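# Examination of the molecular architecture
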Number of protein chains: 2
Amino acid sequence: MATRTRRSQRRTEALSRDRIVEAAVELLDTAGEGGLTFRALTERLATGPGAIYWHVANKDELLDAATDAVVAAALAADSPRAEPSARVESSARAEPSTRGESAEPAESAESAKSPDSPQDKIRAIAFGLFDAMADHPWLPTQLALQLSRSPWGSVTPQIFENIGRQVRALGVPEGHWFTAASALVHYILGAAGQNAANNASARALAPDVDRAEFLDAASQAWEDLDPDDYPFIRAVAAQVREHDDREQFLAGIDLVLTGITALHLSGEQGGTTPSAT
Amino acid sequence: MATRTRRSQRRTEALSRDRIVEAAVELLDTAGEGGLTFRALTERLATGPGAIYWHVANKDELLDAATDAVVAAALAADSPRAEPSARVESSARAEPSTRGESAEPAESAESAKSPDSPQDKIRAIAFGLFDAMADHPWLPTQLALQLSRSPWGSVTPQIFENIGRQVRALGVPEGHWFTAASALVHYILGAAGQNAANNASARALAPDVDRAEFLDAASQAWEDLDPDDYPFIRAVAAQVREHDDREQFLAGIDLVLTGITALHLSGEQGGTTPSAT
DNA sequence: CTCCATGATGGAACGTCGCTCCAGTCATGT
DNA sequence: ACATGACTGGAGCGACGTTCCATCATGGAG
C-alpha cells in the first residue's frame, strides 16, 4: 500500500482504494444492498474490473472495507480523539428524540450524573452506531454478516474496543470485562440493527406512508397471530406500536448496564443467579 | 395448505416442500453456505428447477424455511422434555464454572431444587440455540440475516415468543417485557452466533488442530494489535484464551438476567433510584 | 371406460453476476 | 531514449438464480 505517488490525472483523478470504497458506499446507499455490482462500480468509476481488482481482492473485501469505513466514522464521531466535525450530524439527530423523559436509566452504580460518565459514553457510542445504521440501511446486514463470519475482522475489534474501554472505566473487575463488553456489544448491534431493519422495511414498503402507519400494520400482523401459539407476542404488540425507537433502545442499554453494575457490585463473590432474594 | 393427497410414487417419493427444505438443510450442513444451489438441489432430488419453484418462491424463501425448521427443532427440544441427553450435556458442561459458588448450585437436569425456574428455562432455550448453531454452521449467518432483514418473519417471533414467556414468568412488569425480551434475544443470538463462528473458523482453518491452538492463535492475533489503539482488546485477549465457551455464554445470560430482575425489582419497590442490593 | 383440466414436473435457456486474463498505457529511474 | 513495473480496462468464462414451456400423472365429469 501506499507510496501515494501523486500520479497525473490519467483520468479525472487517479484510482485508489479509498476512492473505490467511497464509491462502493455511495452505491450501497443509493442502490441498496443489491446495487453494489462490479459492473455498476466500473461504470461509476469509468474503469474496468481489472483496475478495481488491483486495489481490492474481491467483493467480500470491498464490503468489509465499506463497513469498516462507515463504522469507523460513526465511532470517531463520539470518540474523544477525533474530529468533532462529523459529530454534528450524529448528535444533532440524537437530540430531538423523546429521550430524556420517561427513560430514567438505571444508575444503580454510584453517581451516573456526570456529563461524561462511562454510561453516557456507552450510550453515545450506541447511538452513533444506531444513527449510522439509519443512514446506511445496508449496514446492519453487513455488520451482522461480518460478526457471524469473521469476528476477528477489522470491524468487530473497533466496536469491542470502544465499548470495552468504557466497561473498564465503569470499574468492572477484569474477570468480567469480556462478559460485560460482549453483552453490550451484542445488544447494541442486535437491537440497533433490528430497529434499522424496521425503518428500512417501512420505507421500502411505502415510502410516503407515515411511519406510524407501518408500525401499526406490523403490530397488527403480530396481533393477528394465533393466540394459542403466540400469547406473549400478541401482548407485546400493543406497546411495540407506541414505543419510541430511541427510548426503547436506550432502555435496553440501561438494562444491560444495570446488570453489569449490579453483578460486580453485589456479586463479586458469586451469586450469579439473581432469583429469589 | 393443500389437500395433502397421497400421491403415488411418481418417483421414489413425491416431491414436497418439506422434502425440499430437508434436502436444503442437509446440503447446507454438508456443503456449507455456498453449497446450497438450485442446481445441486435439483441433482440431489433428481428433478428440475421448475419442480422446486413450484413449491418454493425463491432461494430466500427456501433459506428462510430451512432456518425456520432448524430453529423450530431447537426450540421444541427444550419446551417439552425432549431428549434429556442433550440437556445433561449442556448443563454438565456449563457447570465447571470458576464462579459458581454459593447461591444456587443445583443445576443438574434431574428433578430437584427449583426444577424449572424461568431462569433455567431461558438458559435451556439459549443453549438449545447455541447447540443448534454448533450443529449447523450456516445457522448464525442466516439467523443474523433474517433478523436484520425481516424481523417479523417466521423465525424471529418463535424465538421472541419462547424467551418472552419466561420473561413474563419472571414477574417482569408488562411495561418492561419488550425491553427485557429484546435484550435477552439479542444477546443470545449475537453471542451464540459469534461463538459458533469462532468454532466454524477454527474447523475451517485447521480441521485436525486442537481447538485450543486456534484460540491461542486468535488471541495471539489480538495481542499483536497496536497497544495504543487497542488496549482493551489486548487486555481481554488472555482471558479469551482460557475461557470456556458455554461458561462465558452463560455468564452473559446471567448478566442480562441480573439486569432484568434488578431493574424491575427496584422499579416496583421504589422510584427509579435503586442502590443495588 | 374415456377424456381432459389441473397440479406437478424437469429440461433448456436467459440474463447477470463475480472474477480472470491479458494486451495495453503511462510515469519514472537510469 | 527506453526498459520497467505499477496500473488500467475490455473481452470473456463459468456459475448462479430464475423463467419458460412442453410434458406427464391423476382424478373428477361425462
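Reading the values: the criteria
- Residues numbered from 1 in each chain as written.
- Chains lettered and ligands numbered in written order.
- Predicted model: local features only at pLDDT ≥ 70, side-chain atom pairs only at ≥ 80, totals over all residues.
- Heavy atoms only, no water.
- Helix = DSSP H or I, 4+ residues; strand = E, 2+ residues; numbered from the N terminus.
- Buried < 20%, exposed > 50% of the residue type's maximum accessible area, 1.4 Å probe, protein only.
- Contact = heavy atoms within 4.5 Å.
- Areas by Shrake-Rupley, 256 points an atom, 1.4 Å probe, with all protein chains shown as cover.
- Phe/Tyr/Trp six-rings, centres within 6.5 Å; stacked < 30°, edge-to-face > 60°.
- Buried area = accessible area lost by both parts, 1.4 Å probe.
- Salt bridge = Lys/Arg side-chain N within 4 Å of Asp/Glu carboxyl O.
- Nonpolar A, V, L, I, M, F, W, Y, C, P; charged D, E, K, R; others polar.
- Domains from an automatic or database assignment.
- Polar contact = N/O pair within 3.5 Å; in protein donor to acceptor, adjacent residues only side chain to side chain.
- UniProt positions renumbered as here; feature names shortened; annotations may be inferred.
- Axes fitted to C-alpha atoms, helices over the stretch in contact; angles between N-to-C directions.
- Parallel < 35°, antiparallel > 145°, perpendicular 65-115°, else oblique.
- Left-handed = near helix turned anticlockwise from the far one by under 90°.
- Least-squares fit on C-alpha atoms with pLDDT ≥ 70 in both.

## Some words on the overall build of chain A
Helices and strands together make up the secondary structure of chain A, namely twelve helices and zero strands. Each of the 277 residues in chain A was classed as buried or not, and the buried ones make up 51%. The long-range share in chain A, meaning contacts at least 24 apart out of those at least 6 apart in sequence, stands at 68%. In the structure as shown, chain A presents an accessible area of about 13,100 Å², 51% of it carried by carbon and sulfur atoms.

## Some words on the packing of aromatic side chains
Applying the stated rule across the entire model yields 18 aromatic pairs over all chains. Consider the rings of Phe38(A) and Tyr53(A), whose centres lie 4.6 Å apart with planes at 15°: the pair is stacked. Taken together, the positions of Phe38(A) in helix α2 (residues 38–45) and Tyr53(A) in helix α3 (residues 49–55) put the pair 15 residues apart, joining distant regions of the chain. Measuring from ring centre to ring centre gives 5.6 Å for Trp177(A) and Phe232(B), while their planes differ by 35°; the resulting arrangement is tilted.

## Here's the deal with the interface of chain B and chain A
How big an interface is tends to be expressed through the accessible area that disappears when the partners come together. Chain B puts 70 residues into the contact, and the matching count from chain A is 71 residues. Summed over both sides, the interface of chain B with chain A buries roughly 6,200 Å², with 67% coming from carbon and sulfur. Of all residues in chain B, the largest losses of buried area upon contact with chain A belong to Phe178(B), Phe232(B) and Leu255(B), amounting jointly to 12% of the total for that side. Taken together, chain B and chain A are joined by zero salt bridges. Listed by contribution, the elements that provide at least two residues to the side of chain B that touches chain A are α6 (118–135), α7 (139–149), α8 (155–169), α9 (177–205), α10 (211–223), α11 (231–242) and α12 (245–269) of chain B. Looking at the side of chain B that touches chain A element by element, the count peaks at 15 residues for α9(B). Of the residues that constitute the side of chain B that touches chain A, the class distribution is 35 nonpolar, 22 polar and 13 charged.

## A few points about the pattern of salt bridges
Scanning all chains against the criterion turns up 14 salt bridges over all chains. One salt bridge connects Arg165(A) with Glu161(A), and the closest N-O pair in it is separated by 2.9 Å. Taken together, the residues Arg165(A) and Glu161(A), both in helix α8 (residues 155–169) and four residues apart, mark about one turn of the helix. When its relative accessible area of 1% is taken as the criterion, Glu161(A) is described as buried. Two residues, Arg123(B) and Asp120(B), come together in a salt bridge whose shortest N-O distance is 2.8 Å. Residue Arg123(B) and its partner Asp120(B) are both found in helix α6; the two are separated by three residues, about one turn of the helix. Judged by its relative accessible area of 16%, Asp120(B) is buried. Each of Asp120(A), Arg123(A) and Asp254(A) takes part in a single network of salt bridges with overlapping partners.

## Section: the domain arrangement of chain A
Residues and elements named next belong to chain A. Taken domain by domain, chain A comprises domain 1 (1–56) and domain 2 (76–267). Each side of the interface is counted separately: domain 1 has four residues, and domain 2 has four residues. For the pair domain 1 and domain 2, the summed buried surface comes to about 400 Å²; carbon and sulfur atoms form 59% of the total. For the domain 1 face of the interface with domain 2, the top three residues by lost area are Leu 28, Asp 29 and Glu 33, together amounting to 88%. The interface formed by domain 1 and domain 2 holds zero salt bridges in total. Our count for the domain 1 to domain 2 interface comes out at three residue pairs in polar contact (both at pLDDT 80 or more).

## Some details on the UniProt feature "DNA-binding region" (unreviewed entry) in chain A
Residues given the UniProt feature "DNA-binding region" (unreviewed entry) here are residues 37–56 of chain A. Between the C-alpha atoms that bound residues 37–56 of chain A there is a distance of 14 Å. The span itself is 75% helix and 0% strand.

## Looking at the packing of α8(B) against α9(B)
Residue and element names in this part refer to chain B. Packing of α8 against α9 brings their axes to within 9 Å, and their N-to-C directions diverge by 125°. Taken together, the axes of α8 and α9 are oblique relative to one another. Like other packed secondary-structure pairs, α8 and α9 cross with a definite hand, here right-handed. Taking contact as the criterion, the partners of Ile 159, Phe 160, Ile 163, Gly 164, Val 167 and Arg 168 in α8 are, on α9, Trp 177, Phe 178, Ala 180, Ala 181, Ser 182, Leu 184, Val 185, Ile 188 and Leu 189.

## Some words on the relation of the copies chain B and chain A
Overlay of chain B on chain A (RMSD 0.1 Å): rotation 180°, translation along the axis 0.0 Å. The transformation relating the two chain copies, once decomposed into turn and shift, fits a two-fold axis. Taken together, the interface assignments show that 87% of the residues at the interface of chain B recur at the interface of chain A, consistent with an identical surface on both copies.

## Observations regarding helix α11 (residues 231–242) of chain A
Turning to α11(A), its buried residues number three or more, namely Phe232(A), Ile233(A), Val236(A), Ala237(A), Gln239(A) and Val240(A). If you follow the buried residues of α11(A), they end up packed against α10 (211–223) of chain A together with α8 and α9 of chain B.

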